[in-house]
Amino acid sequence: MTDSTLPAPGLRSTLRHVWQDQRVWLASVLILAALALFDTPQAADSALFAGAALLNTAPFLILSIAIAAWANATGADNLIAKAFTGAPLLMIGLGALAGGISPFCSCGVIPLIAALLAMGVPLSAVMAFWLASPIMDPSMFVLTAGVLDLEFAVSKTLAALGLGVFGGTVVHLMMKGGAFADPLRDGIGNGGCGGAKIRAPKPVAWRFWTEPDRRAKFGKTALSTTLFLAKWLTLAFILESLMLAWIPAETVTAALGGEGLLPIMTATLVGVPAYLNGYAALPLVGGLIEQGMAPGAGMAFLVAGGVTSIPAAMAVWALAKPQVFALYIGLSLTGAFASGLLFQLWTQMA
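Residues numbered from 1 in each chain as written. Predicted model: local features only at pLDDT ≥ 70, side-chain atom pairs only at ≥ 80, totals over all residues. Heavy atoms only, no water.

Here we take up the overall build of the protein chain. If you tally the helices and strands in the protein chain, you get 16 helices and zero strands. Taking all 350 residues of the protein chain together, the buried fraction comes to 45%. If you take every contact in the protein chain between residues at least 6 apart in sequence, the share linking residues at least 24 apart comes to 83%. Carbon and sulfur atoms make up 71% of the accessible area of the protein chain, which amounts to about 16,800 Å² in all. (Helix = DSSP H or I, 4+ residues; strand = E, 2+ residues; numbered from the N terminus. Buried < 20%, exposed > 50% of the residue type's maximum accessible area, 1.4 Å probe, protein only. Contact = heavy atoms within 4.5 Å. Areas by Shrake-Rupley, 256 points an atom, 1.4 Å probe, with all protein chains shown as cover.)

A few words on the confidence of the model for the protein chain. A residue-level look at the protein chain finds 73% of positions with pLDDT of 70 or above and a mean pLDDT of 77. Model confidence for the protein chain, summarised as mean pLDDT per element, is weakest for helix α9 (residues 193-199) at 47 and strongest for helix α8 (residues 150-176) at 90. Between residues 189-196, whose pLDDT stays under 50, and residues either more than four places distant or in other chains, the model counts 17 contacts. (pLDDT = per-residue confidence, 0-100.)

Once that is clear, we can look at a nonpolar patch on the surface. Among the surface-exposed residues, L150, V154 and L158 lie close enough to one another that they form a single nonpolar patch of about 280 Å² accessible area. If you trace the backbone, V154 turns up in helix α8. Among the residues examined, V154 registers a relative accessible area of 36% and is labelled partly exposed. (Patch = residues over 30% accessible without salt bridge, like charges linked within 9 Å, V, L, I, M, F, W, Y side chains within 5 Å. Salt bridge = Lys/Arg side-chain N within 4 Å of Asp/Glu carboxyl O.)

What follows covers the packing of aromatic side chains. The final tally for this structure, using the stated rule, is four aromatic pairs. Between F152 and F343, the ring centres sit 5.0 Å apart and the planes meet at 70°, which makes this aromatic pair edge-to-face. On the criterion of sequence distance, the pair formed by F152 in helix α8 and F343 in helix α16 (residues 322-349) is long-range, its members being 191 residues apart. By the burial criterion, F152 is buried, and F343 matches it. Site record: aromatic cluster; members linked through ring pairs are F208, W209 and F218. (Phe/Tyr/Trp six-rings, centres within 6.5 Å; stacked < 30°, edge-to-face > 60°.)

If you trace the backbone, T268 turns up in helix α12 (residues 261-274). Discounting chain neighbours no more than four positions away, the residues touching T268 are A300, A304, L333, A336 and F337.

Let us now look at the pattern of salt bridges. Tallying each qualifying case throughout the model produces one salt bridge. Ionic pairing is found between E211 and R214, a salt bridge with its closest N-O pair at 3.2 Å. You can call E211 partly exposed: its relative accessible area is 34%.

Running from N to C, helix α6 (residues 123-132) and α8 cross one another at 155°; their axes reach a closest spacing of 7 Å. Accordingly, the angle class assigned to the pair α6 and α8 is roughly antiparallel. With respect to the hand of their crossing, α6 and α8 are arranged in right-handed fashion. Side by side, α6 and α8 meet where L123, S124, M127, A128, L131 and A132 of the first sit next to A160, L163, G164, G167, G168, V171, H172 and M175 of the second. The residue makeup of the contact of α6 with α8, split by class, is nine nonpolar, five polar and no charged. (Axes fitted to C-alpha atoms, helices over the stretch in contact; angles between N-to-C directions. Parallel < 35°, antiparallel > 145°, perpendicular 65-115°, else oblique. Left-handed = near helix turned anticlockwise from the far one by under 90°. Nonpolar A, V, L, I, M, F, W, Y, C, P; charged D, E, K, R; others polar.)

Most of α6 sits out of view: 10 of its 10 residues are buried. Along α6, the residues classified as buried are L123, S124, A125, V126, M127, A128, F129, W130, L131 and A132.

Further remarks concern the packing of helix α4 (residues 88-101) against α8. Where α4 contacts α8, the two axes come as close as 8 Å, and the packing angle between them is 145°. The interaxial crossing formed by α4 with α8 has right-handed handedness. Residue-level contacts link P88, L89, I92, G93, A96, L97 and G100 of α4 to L161, G164, V165, G168, T169 and H172 of α8. Residue composition of the contact of α4 with α8, by class: seven nonpolar, six polar and no charged.

Here G305 lies in helix α14 (residues 295-308). G305 sits in the buried class, given a relative accessible area of 0%. As a C-alpha pair, G305 and V270 span 35 residues in sequence and 8.1 Å in three-dimensional space.

As a further point, take the environment of S28. Its location among the elements puts S28 in helix α1 (residues 9-38). Placed 19 residues apart in sequence, S28 and A47 show a C-alpha to C-alpha distance of 9.8 Å. Among all residues touching S28, those that are not within four sequence positions of it are K231, T234, L235 and I238.

Structure representation (structure tokens):
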């Protein structure tokens, strides 16, 4: 006799996949449902706030989606290989620049990083790329300018490049002293498909629309990027609405406002566990700044959170030995604090 109280294996599998694939949407729905049950006016306010915020950022969303889809359809990521040729110091600068402008996500960069390290590219150049990559990309720049402002977007880009160069230079000096001769974990191969981008980069097809396969890739990337951004920004705007409604501005100002070092240091450390996603963090920081958060603290939060976010950190942990991972975290926190401090000084001078 079968137990009819247990869900069928197919149903359990379906529910598991729904949770794995749609948990961000489910989180938004559950938050609104809980609000509707316990605080109906706030549920309506949060839904309207999120809808209006998405509408206001729509032009920037469309542009960022188009950039991501174009980069994938043209194969522009193959240009990344050119950043890792030349003298060590030149490679550090180019690696930081490539990381700051590349469209790679934290997970997508893993095979490329594995290929670079396995093929003998110095850790200094790879570290420069690794540190800059999670902080900024073309889509992130557009959305940062739209959600915050252009000055913040430019400053965050400079922070990404500066952190990459700083980290790469520190590693270069340590390697000259004999450190990190074998940075990869045991068993890491030659990078698989990621290695092909370095060993034999394909030409970029700038006129991608003339090829059916590339047009299809453009459409697929545009759709996936739209869904990705929509789910994270919807959740972020709902959380921002609750933050604005429930967290007194005086509390934010007391903890993260002011001109001293403490707010920036606090934001740097808070950014590590509190960071959701690079795109989702933008509305939250915007809301905090409106409530009195120091601009430098906002910059430190975004930089520290981006580099130490779970996908970015796990990419380093999966490939590199623990001492390299520890250095990565140390460089990211130091660079985030410095970025926040410099941005705070800049805003005070402006």
